[in-house]
Amino acid sequence: MKTITLTQFLIEEQRAKGEIKPDLRLLLEVVARACKRISIAVGKGALGGVLGDAGTSNIQDEAQKKLDVLSNEILLQANAWGGHLAGLASEEMDEPSAIPDEYPKGGYLLLFDPLDGSSNIDVNVSVGTIFSVLRCPEGVSGSEEKAFLQPGTTQVAAGYAVYGPSTMLILTVGSGVHAFTLDREQGSFVLTERDMMIPEDTKEIAINASNERHWEAPVQRYVKECFEGKEGVRGKDFNMRWVASMVADVHRIVTRGGVFMYPLDAKTVKQGGKLRLMYEANPMSFIIEQAGGVASTGRERIMDMQPHKLHQRVPVIMGSKNEVEKVVSYHAS
Ligand code: AHG
Ligand code: MN
Ligand code: MN
């Protein structure tokens, strides 16, 4: 099989479609390199001294794990010097981070969830990194929150790395979704699937069912009907999976279909949901839509939402088209 590395893929896409300008290519390669470093740290586990709590909390009042903090630092360091960014924002930083004065500034904004699935770190279950790329608006500094407050439809690129049995990087620049697998011997990401497509129908749902009593009626109805199986109105048996790392759950869905739901519930209604719009829901929605799926809050398309703050939360229902549309139709009725 002819090996196509991430670098070669990006250059060839630029030649063929003119979509990946050198600055964006540098950005994506730098992010991929940072993900490689995070993958190495995750892989060392207890031997690397990276497990356990950092002893600090982030702005969302969540205890930070050592790997949350380390992954954030790796992404910051990797991206500071290249001259491709105007600013960075992260789940683990209260405010956007400016590019240090000694380095030139570029036109892009990078947002990330440096380590997704923190509750899985200490139990050796898959975790990941999620990222979103925006253009910095003219006349606004990339260290200001308002530069980042753009709907998901304006994303230039998005992706995630999943640190599982193998490390993979899944990427979109707005023309399909492509998967790269880390060749650990060569140290490079190699293209392993082009144009991933999510089947429109599925028999697999992903939701934290322990929250059932807190869900809104449309989601309770949908899940109940799925669980009734062959004997119920759906007339087929459904399976359920919940890794509790959004990256791992969404990766399964991008690979073989399914619906991922972290819907609005009574526990999170005040804050608008559990997952974060700018660096979890938007980039994953971009991937899901580019792979033929649908991503909604239940009431509106996630990527159409006008954000009003950096760490805004949002209900998330995404995946196989026909199932997500069914959940949305239950919200409408
Ligand atoms: P993070 O580790 O970045 O804070 O994100 C965790 C998120 C997401 O990855 C996952 O789907 C969800 O939290 C799991 O939540 P529950 O523990 O409530 O199931
Ligand atoms: Mn996360
Ligand atoms: Mn995280």
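Source: prediction; values computed, not measured.

Conventions used here
- Residues numbered from 1 in each chain as written.
- Chains lettered and ligands numbered in written order.
- Predicted model: local features only at pLDDT ≥ 70, side-chain atom pairs only at ≥ 80, totals over all residues.
- Heavy atoms only, no water.
- Helix = DSSP H or I, 4+ residues; strand = E, 2+ residues; numbered from the N terminus.
- Rg over C-alpha atoms; globule rule 2.2 N^0.38 Å.
- Buried < 20%, exposed > 50% of the residue type's maximum accessible area, 1.4 Å probe, protein only.
- Contact = heavy atoms within 4.5 Å.
- Areas by Shrake-Rupley, 256 points an atom, 1.4 Å probe, with all protein chains shown as cover.
- Lys, Arg positive; Asp, Glu negative; His and termini not counted.
- Charge placed at Lys NZ, Arg CZ, Asp CG, Glu CD.
- Donors = N, O, S within 2.8 Å, 3.2 Å for Na, K, Ca; no water.
- Pairing = 2+ DSSP bridges.
- Near = heavy atom within 4 Å.
- Polar contact = N/O pair within 3.5 Å; in protein donor to acceptor, adjacent residues only side chain to side chain.
- Nonpolar A, V, L, I, M, F, W, Y, C, P; charged D, E, K, R; others polar.
- Domains from an automatic or database assignment.
- Buried area = accessible area lost by both parts, 1.4 Å probe.
- Axes fitted to C-alpha atoms, helices over the stretch in contact; angles between N-to-C directions.

With that settled, the discussion passes to the overall build of the chain. Counting its regular elements, the chain contains eight helices and 17 strands. A compact globule built from 333 residues should have a C-alpha radius of gyration of about 20 Å, and the chain, at 19 Å, falls within 12% of that. Its C-alpha atoms put the chain at 65 × 50 × 45 Å along the principal axes. Looking at the 333 residues of the chain, the share that counts as buried comes to 56%. Taking the intrachain contacts of the chain between residues at least 6 apart in sequence as the baseline, contacts between residues at least 24 apart amount to 63%. Only carbon and sulfur atoms are counted for the fraction: they give 50% of the accessible area of the chain, which is about 14000 Å². Charged side chains in the chain number 36 positive and 43 negative. The centres of these two groups are separated by 3 Å.

Moving on: the coordination of the manganese ion (ligand 2). Looking at the metal site, the manganese ion (ligand 2) is ligated by Asp113 (OD), Asp116 (OD) and Glu280 (OE), spaced 1.9 to 2.2 Å from it. When the donors of the manganese ion (ligand 2) are listed by position in the chain, the intervening gaps give D-x2-D-x163-E. Between the manganese ion (ligand 2) and the manganese ion (ligand 3), both coordinated by aspartate 113, there is a metal-metal distance of 3.7 Å. Within this pair, whereas aspartate 116 is found in strand S5 (residues 108–116), its partner glutamate 280 is found in helix H7 (residues 277–290), the two being separated by 164 residues in sequence.

Okay, the pairing of S5 next. For S5, the buried fraction is high: nine of the nine residues fall into the buried class. Judged from the five bridges that link them, strand S3 (residues 85–90) and S5 form a sheet pairing that is parallel. Looking at S5, one finds that glycine 87 is bridged to leucine 109.

It is worth spelling out the site of ligand 1 at this point. As a structural note, the neighbourhood of ligand 1 is formed by 18 residues, with Asp116, Ser118, Asn208, Met246 and Tyr262 the closest of them. Here an oxygen atom of ligand 1 and a side-chain polar atom of tyrosine 262 are 2.5 Å apart. Here ligand 1, which alone exposes 480 Å², has 86% of that area covered by the protein. Where the shell around ligand 1 is concerned, the elements lending two or more residues are S5, strand S13 (259–262) and strand S14 (275–276). When grouped by side-chain class, the residues that make up the shell around ligand 1 number seven nonpolar, four polar and seven charged.

With that out of the way, let us pick up the domain arrangement of the chain. Its domain assignment divides the chain into domain 1 (6–193) and domain 2 (204–332). Centre-to-centre separation of domain 1 and domain 2, based on C-alpha positions: 23 Å. Contacts between domain 1 and domain 2 engage 50 residues on the former and 31 residues on the latter. Both faces combined, the contact of domain 1 with domain 2 buries some 2900 Å², and carbon together with sulfur accounts for 63% of it. When the buried surface of domain 1 facing domain 2 is broken down by residue, Ile130, Leu149 and Tyr160 rank first, second and third, together holding 20% of it.

For the rest of this paragraph, the subject is the sheet that holds strand S15 (residues 294–296). The sheet built from five strands is open, its strands ordered S12-S11-S13-S17-S15 with mixed pairing. Every interior strand has two partners, whereas the edge strands, strand S12 (239–240) and S15, have only one. Each of S15 and strand S17 (316–319) touches H7; the most contacted strand, S17, lies at about 25 degrees to it. Its contacts with the sheet put helix H8 (residues 321–332) on S13, S15 and S17, and the angle it makes with S17 is roughly 150 degrees.

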